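# Chain and residue survey
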Amino acid sequence: MATAVTRTAPTTRAWRNAVFVVFTLSGLDIATWLGRIPSVRDSLGASPSTMGLLVLGMSVGSIGGLTFAGHIVARLGARRGVLVASAALALGLVAAGVAVTLGWGFAAIWICLIAFGFGNGLCDVSMNVAGATAERLGGRTIMPLFHAAFSVGTLAGAGLGALAERLEVPVALHFIVVGVLTSLAMIVAIRWFGDDRHVEPEATDTSPVALPVSRWAVWRQPSTLLIGVIVLGMALAEGSANDWLPLAMIDGHGLENDGGSAVLTVFLAAMTAGRIAGSPLIDRFGRVPVLRVSAAVAVVGLGMLIFVPSVPLAIVGVVLWGLGASLGFPMGMSAAADDPRTAAARVSAVATIGYVAFLAGPPIIGFAGDHVGLLHGLLIVFVFIIAAGLASGAARERTGVGAGATPTAQAGDAHGGGVARLPSDVDRAVDATGTEETGTDATDAAGTSQKADADRR
């Protein structure tokens, strides 16, 4: 007699580690494309504005992926979102590499980048929702560490890209190897993802947020839009370096192709260091002060790159730029996912706003680069970084929700090894004046829950 095989729920630690793997591989995929942009430009004989339009294809695909991601992740979960994304990433990257090497031209590469961008956008929302869930369950800030893993992947991808440029490895061969291997590894990693859709407040939650929350309703919340401004400014700070730093160092500071790719590696290394160091800083000082300092550091570093003619000092500016830009995006994602009931919808909305930077940024900076040079074209980024700093108050941590919340182990998991659930604020009700009152029923429910937890321990 055949017996049904059930999938064992992964431990929280295994889930978290799998998210780290997916972030790393996603970064490796992105940087594989970015590291070969000099070769792509040479193969097309393209101007800065033409390259800006080419990168726009990836941004268009990313917006499409983000648009569908909120629905896919809310209905099917982050695990299946990453599964679909891995296929799109492999297809787009491999096809783009073949199009470059075989000389199929601008239009063919542009179409391939749409598929690649779709996978990137979908993967971005899926892995951030999974990461935010792991952060809430862990009870401490770890989202910057997930994004540090992404930066490690981009660092590895940029390093391989610089090496491939020096060795003149065909773009098709490079992209096929990386695209296939990373997508297969993602498929293996997500076996340890839990179901983020089932990590939600308890049924006794008395907070005023109605369930279910419409995925479009979050767009009417001012906090969503302000967090979107933070992510928009910091995404442009990060994305403009990814898209234009190698070419800016080549055209503005006289470096060769491999040197331009190497400076991108320096930027990504600074991003990685900033994200690793950022978690304890955020836990100690809070998101808002860290965001404001980050914006100031990014502005100083970008100014050094643009206005200081010395290459060594410009590289110091690149380091400061990378450090300043490192924490904005992950803190924005954490802020958007503070409430697990609206996490998928708000992360999708905020990421969509942020990806406007990737959609509009490349052609605008490329157009400016045709007229004033790429270095001075990067002055556009200043305005958006300052706007992100001014909007930083919207990322303030919510009391009782988010990374600081203490997870409660499920029954049968006395040591906290299983998939945890967040405790809801069942003992509080907020009246119309904003003051907190204690309800008798809620207090009884909370006391029963605490006693059960004590029995399990």
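This text follows the structure it describes.
This report concerns the structure included in the present document. Small disclaimer: the values here were computed from a predicted structure and weren't measured.

## Topic: the overall build of the protein chain
- Secondary structure summary: the protein chain contains 16 helices and two strands in total.
- Per-residue burial over the protein chain gives 54% buried out of 457 residues.
- Contacts in the protein chain between residues far apart in sequence, at least 24 positions, make up 83% of those at least 6 positions apart.
- Summing over all exposed atoms, the protein chain offers an accessible surface of approximately 18700 Å²; the carbon and sulfur share of this is 66%.

## Let's talk about the packing of helix α9 (residues 257-285) against helix α10 (residues 287-307)
- Across the interface, α9 lies against α10 with an axial gap of 7 Å and an inter-helix angle of 125°. Considering their axes alone, α9 and α10 lie oblique with respect to each other. Facing Leu281, Ile282 and Phe285 of α9, the residues of α10 in contact are Arg287, Pro289 and Val290.
- Tallied by class, the residues present in the contact of α9 with α10 amount to five nonpolar, no polar and one charged.

## As for α9
- Compared with the 42 Å implied by 1.5 Å per residue over 29 residues, the 41 Å span of α9 between its first and last C-alpha is a close match.
- Residue Gly278 marks the point of greatest curvature in α9, where the axis turns by about 40°; the proline Pro280 follows within four residues.
- Two residues or fewer after α9 comes Gly286, characterised by a positive phi angle close to 95°.

## Focus on helix α6 (residues 143-167)
- The first and last C-alpha atoms of α6 sit 36 Å apart over 25 residues, in line with the 36 Å expected at 1.5 Å per residue.
- Glu168 sits one or two residues past α6 and shows a positive phi near 55°.

## Some remarks on the environment of Gly159
- With respect to the element layout, Gly159 can be found in helix α6.
- In this structure the C-alpha to C-alpha distance between Gly159 and Thr265, which are 106 residues apart in sequence, comes to 6.1 Å.

## Side note on the pattern of salt bridges
- Applying the stated rule across the entire model yields three salt bridges.
- The salt bridge involving Arg36 is made with Glu165; its shortest N-O contact spans 3.1 Å. Note that Arg36 is positioned in the loop between α1 (12-35) and α2 (37-44) and Glu165 in helix α6, a separation of 129 residues in sequence.
- Residue Arg36 is classed as buried on the basis of its relative accessible area of 2%.
- Close ionic contact of Arg41 with Asp251 constitutes a salt bridge, the shortest N to O distance being 3.2 Å. One end of the pair, Arg41, is in helix α2; the other, Asp251, is in helix α8 (residues 222-253), with 210 residues separating them in the sequence.
- Judged by relative accessible area, Asp251 falls into the partly exposed class, the value being 45%.

## Section: the packing of aromatic side chains
- In this structure the tally under the stated criterion is five aromatic pairs.
- Judged by centre distance (4.6 Å) and plane angle (50°), the ring pair of Phe20 and Phe146 falls under tilted. Of the two residues, Phe20 sits in helix α1 while Phe146 sits in helix α6, which places them 126 residues apart along the sequence.
- When the ring of Phe68 is compared with that of Phe118, the centres are 6.3 Å apart and the planes differ by 55°; the resulting orientation is tilted. In this pair, Phe68 sits in helix α3 (residues 48-76) while Phe118 sits in helix α5 (residues 106-138), placing the two residues 50 residues apart along the sequence.

## Describing the packing of α10 against helix α11 (residues 311-325)
- Relative to each other, α10 and α11 sit at 155°, their axes nearing to 7 Å. When the interaxial angle is binned, α10 and α11 end up roughly antiparallel. Classified by chirality, the crossing of α11 by α10 is left-handed. Between α10 and α11, the residues in contact are Ser294, Ala295, Val297, Ala298, Val300, Gly301, Leu302, Met304 and Leu305 and Leu313, Ala314, Val316, Gly317, Val318, Leu320, Trp321, Gly324 and Ala325, respectively.
- Of the residues assigned to the contact of α10 with α11, the class counts are 14 nonpolar, four polar and no charged.

## Details of the side chain of Ser294
- Here Ser294 is to be found in helix α10.
- Look at Ser294 and you get buried, because its relative accessible area is 6%.
- The residues touching Ser294, leaving out its near neighbours within four places in the chain, are Met234, Gly324 and Leu327.

## Considerations on the environment of Phe150
- The residue Phe150 is located in helix α6 in this model.
- Expressed as a C-alpha distance, the spacing of Phe150 and Leu268, which sit 118 residues apart in the sequence, is 9.8 Å.

## Some remarks on the side chain of Ser183
- Checked against the element boundaries, Ser183 lands in helix α7 (residues 171-189).
- Residue classification places Ser183 among the buried positions, given a relative accessible area of 7%.
- At 3.1 Å, the side chain of Ser183 and the backbone oxygen of Gly179 are in polar contact.
- Setting aside anything within four residues of it in sequence, one finds Ser183 in contact with Ser86, Leu89 and Ala90.

## So, the nonpolar core
- Formed by 113 residues in total, the largest nonpolar core has its most connected members in Trp33, Phe193, Leu245, Leu302, Leu305, Trp321 and Leu378.
- In terms of residue count, the dominant contributor to this core is α8 (15 residues).
- Discounting chain neighbours no more than four positions away, the residues touching Leu378 are Ser240, Trp244, Ala248, Leu302, Leu305, Ile306, Trp321 and Ile365.

## Things to note about unusual backbone geometry
- Unlike most non-glycine residues, Glu168 shows phi in positive territory, near 55°.
- With respect to the helices and strands, Glu168 occurs in the loop between α6 and α7.

Reading the values: the criteria
- Residues numbered from 1 in each chain as written.
- Predicted model: local features only at pLDDT ≥ 70, side-chain atom pairs only at ≥ 80, totals over all residues.
- Heavy atoms only, no water.
- Helix = DSSP H or I, 4+ residues; strand = E, 2+ residues; numbered from the N terminus.
- Buried < 20%, exposed > 50% of the residue type's maximum accessible area, 1.4 Å probe, protein only.
- Contact = heavy atoms within 4.5 Å.
- Areas by Shrake-Rupley, 256 points an atom, 1.4 Å probe, with all protein chains shown as cover.
- Axes fitted to C-alpha atoms, helices over the stretch in contact; angles between N-to-C directions.
- Parallel < 35°, antiparallel > 145°, perpendicular 65-115°, else oblique.
- Nonpolar A, V, L, I, M, F, W, Y, C, P; charged D, E, K, R; others polar.
- Expected span 1.5 Å × (residues − 1).
- Bend = angle between axes of the 7 residues up to and from the residue.
- Salt bridge = Lys/Arg side-chain N within 4 Å of Asp/Glu carboxyl O.
- Phe/Tyr/Trp six-rings, centres within 6.5 Å; stacked < 30°, edge-to-face > 60°.
- Left-handed = near helix turned anticlockwise from the far one by under 90°.
- Polar contact = N/O pair within 3.5 Å; in protein donor to acceptor, adjacent residues only side chain to side chain.
- Core = buried A, V, L, I, M, F, W, Y, C linked by side-chain atoms within 4.5 Å.

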